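Overview (structure and organization)
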Number of protein chains: 2
Amino acid sequence: MTREHTHTIASAKGSPKAHAGPGRPRCYDEAEVLDKALQVFWRQGYEATSVDDLTAAMGLSRSSFYSAFGSKHGVLIAVLKSYSDAALQALEHLAEGPRDQAVKAMLDALSDPAGGPRGCMLVNCITELAPQHEEVAELGRHHLKRIEDLFSRALSPDNPDAARDKARALAALAIGTLTLRKSGVPPESISTALEAARTILAT
Amino acid sequence: MTREHTHTIASAKGSPKAHAGPGRPRCYDEAEVLDKALQVFWRQGYEATSVDDLTAAMGLSRSSFYSAFGSKHGVLIAVLKSYSDAALQALEHLAEGPRDQAVKAMLDALSDPAGGPRGCMLVNCITELAPQHEEVAELGRHHLKRIEDLFSRALSPDNPDAARDKARALAALAIGTLTLRKSGVPPESISTALEAARTILAT
DNA sequence: CTATTTTTGGACTGAATAGTCCGTATTTAT
DNA sequence: ATAAATACGGACTATTCAGTCCAAAAATAG
């Protein structure tokens, strides 16, 4: 038994910012390098991205990379968590407005995400990885449930359960538009269709 | 100039069954091995599948594989074309029934495809590859357009263009359910939501 | 300053990758 | 039978892959 996986332990115990004792502090910003990693995964997908791609984009050496995230899979999970948090927070903000506007704003945000033609990072990863990586599936499930809840409450604030089916359909609708977009359907065609469906569905 | 890419030329000229002159005939069925390749790609995704995985599943030696399909990308395209043809043909058949039933049957078939939790092979490939592989994007665009047309004509047989937006929304809806399914949402939750949306959308 | 702890660069490893090549077997045409 | 053409098995190559390791640098605590 030499030394095995010391880094995974280090990165596993929550916030790596907990730093009191002696030792050299890391010379990079965690959120910043995670965003760089996100961009690469988002553009190329998980399997098509090599650790070299990641370290180059993040500006980290291999040892820093493995020390902080443990594995390629580890950095993906970290990226997905931060991405999901940010996306849900933005959606929650949009959901606060008056009913119709809230639904419209949420649909627009979901169907035309910050990633542009790259779609939604989480949906991409669900499609590519969920059947084989339970952790990704779990993250995706939670993310989608939250979106569904937001739609439910926007549609029917006093009795969200009554709008469950419609909310789920709206979520599916928005997610489906991402595939249209990726295959090259022009964005304006998508928004008119989305708007038509919304006026019918969000009664 | 030694010998370069003789195989791609061979496979490029349409049906490789055109075989008149001398020479040993291939000892495998093309449709059969393509289906084996489909299963592997469908389960694992494109990048996660190695040529060894493919040849093992297809029962071909490396040289037969490259002689027939030219590259990993080549066999993917062949698989996608045959998959798209078969799926569209099945959908066309479903679209022939009376309006409401046709829409319902098509939605059900799209949202619960033969692949089960693996979703739709074409949608998977669009998500994973379309932004980087124009040929896959083109195939996906065509496939989705055909689906949209089928919905349009089912909704409004005499003036399909009038139902364009609704048709596109229905297609997006069905495709979106695949992501829900992949992340683990139970199928019955999906079908009730789909049914609710259909009764509202397919007036 | 000294001791201690941590980060960092970069070399290294063994396995896996996509694709090539060649000798041989197998079939058809003459 | 013989020649021409194709399919096949499997070894081979050069590259890339994810992950490991170590020595040196850097920063803090006392």
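Calculation criteria
- Along each chain, the written sequence defines residue order, and numbers are assigned to residues from 1.
- Chain letters and ligand numbers both follow the written order, the letters beginning at A and the numbers at 1.
- Only residues with pLDDT of at least 70 get local features here, since the model is predicted, and only at 80 or more are side-chain atom pairs given and counted; chain-wide, interface and lining totals rely on the full set of residues.
- Side-chain numbers come from the whole structure's heavy atoms, not from hydrogens or water.
- Between N-to-C directions, angles cover 0 to 180 degrees, with each direction set by a line fitted to C-alpha atoms, over the stretch in contact for helices.
- Labels follow the DSSP assignment, with helices taken as runs of H or I lasting at least four residues and strands as runs of E lasting at least two, numbered in each case from the N terminus.
- The cut-offs work like this: below 35 degrees is roughly parallel, past 145 is roughly antiparallel, 65 to 115 is roughly perpendicular, and the gaps in between are oblique.
- Any two residues whose heavy atoms approach within 4.5 Å are treated as being in contact.
- In the scheme used here, Gly and all other residues not listed as nonpolar or charged are polar, with Ala, Val, Leu, Ile, Met, Phe, Trp, Tyr, Cys and Pro taken as nonpolar and Asp, Glu, Lys and Arg as charged.
- The working definition used for a salt bridge is a side-chain nitrogen of Lys or Arg within 4 Å of a carboxyl oxygen of Asp or Glu.
- Accessibility here uses a 1.4 Å probe with only protein chains present; expressed as a share of the type maximum, an area under 20% marks a residue as buried, one over 50% as exposed, and anything in between as partly exposed.
- UniProt positions are given in the numbering used here, feature names are shortened, and annotations may be inferred rather than shown by experiment.
- Buried area, as used here, totals the accessible surface that two parts lose on assembly, with accessibility defined by a 1.4 Å probe and the loss added over both.
- Here a polar contact is taken to be a pair of N or O atoms separated by no more than 3.5 Å, where protein atoms must pair a possible hydrogen donor with a possible acceptor and residues adjacent in sequence count only if both atoms sit in side chains.
- Summary of the distance rule: residues count as near a molecule or strand when at least one heavy atom falls within 4 Å of that molecule or strand.

By the naming in an unreviewed UniProt entry, chain A is TetR/AcrR family transcriptional regulator, taken from Roseibium aggregatum.

Before going further, it helps to examine the packing of helix H2 (residues 30–44) of chain B against helix H5 (residues 72–95) of chain B. Residue and element names in this part refer to chain B. Here H2 crosses H5 at 100°, and the two axes come no closer than 9 Å. As the angle between them shows, H2 and H5 are arranged roughly perpendicular. Along its contact with H2, which presents Leu34, Ala37, Leu38, Phe41 and Trp42, the element H5 presents Lys72, Val75, Leu76, Ala78, Val79 and Tyr83. For the contact of H2 with H5, the per-class residue count stands at ten nonpolar, no polar and one charged.

Turning to the pattern of salt bridges, a few remarks are in order. All names here are of chain A. Evaluation of the coordinates by the stated rule reveals 26 salt bridges over all chains. In this structure, the salt-bridge partner of arginine 164 is aspartate 161, at a minimum N-O distance of 3.1 Å. Linking glutamate 195 and arginine 198 is a salt bridge whose minimum nitrogen-to-oxygen distance equals 2.7 Å. Taken together, the positions of glutamate 195 and arginine 198, both in helix H10 (residues 187–201) and three residues apart, correspond to about one turn of that helix. With relative accessibility at 10%, the residue arginine 198 sits in the buried group. Residues joined by salt bridges that share partners form a network here, namely Lys145, Glu148, Asp149, Asp161, Arg164 and Arg168.

We now examine the UniProt feature "DNA-binding region" (unreviewed entry) in chain A. Under the feature "DNA-binding region" (unreviewed entry), the UniProt entry names residues 50–69 of chain A. As annotated, residues 50–69 of chain A has a helix share of 80% and a strand share of 0%, and its two end C-alpha atoms lie 15 Å apart.

In this assembly, 38 residues from chain B lie in contact with 38 residues from chain A. Together chain B and chain A conceal approximately 3,300 Å² of surface at their shared face, both sides included; 71% is due to carbon and sulfur atoms. On inspection of chain B and its partner chain A, the count reaches eight residue pairs in polar contact (both at pLDDT 80 or more). Elements represented by at least two residues in the side of chain B that touches chain A include exactly H2, helix H7 (121–129), helix H8 (134–155), helix H9 (164–183) and helix H10 (187–201) of chain B. Among the residues making up the side of chain B that touches chain A, the classes are represented as 18 nonpolar, twelve polar and eight charged.

As a matter of local geometry, DNA strand C sits amid 27 residues, with Cys27, Ser63 and Ser64 of chain A together with Val51 and Arg62 of chain B nearest to it. Close to the protein, within 4 Å, the atoms of DNA strand C belong to sugar or phosphate groups at a rate of 62%. In the environment of DNA strand C, a phosphate oxygen lies 2.9 Å from a nitrogen or oxygen atom belonging to the side chain of serine 64 of chain A. At 3.3 Å from a phosphate oxygen of DNA strand C is found a side-chain nitrogen or oxygen belonging to tyrosine 66 of chain B. Looking at which element gives the most residues to the surface near DNA strand C, the answer is helix H4 (residues 62–69) of chain A, with four residues. Each residue belonging to the surface near DNA strand C can be placed in one class, and the counts come to eight nonpolar, twelve polar and seven charged.

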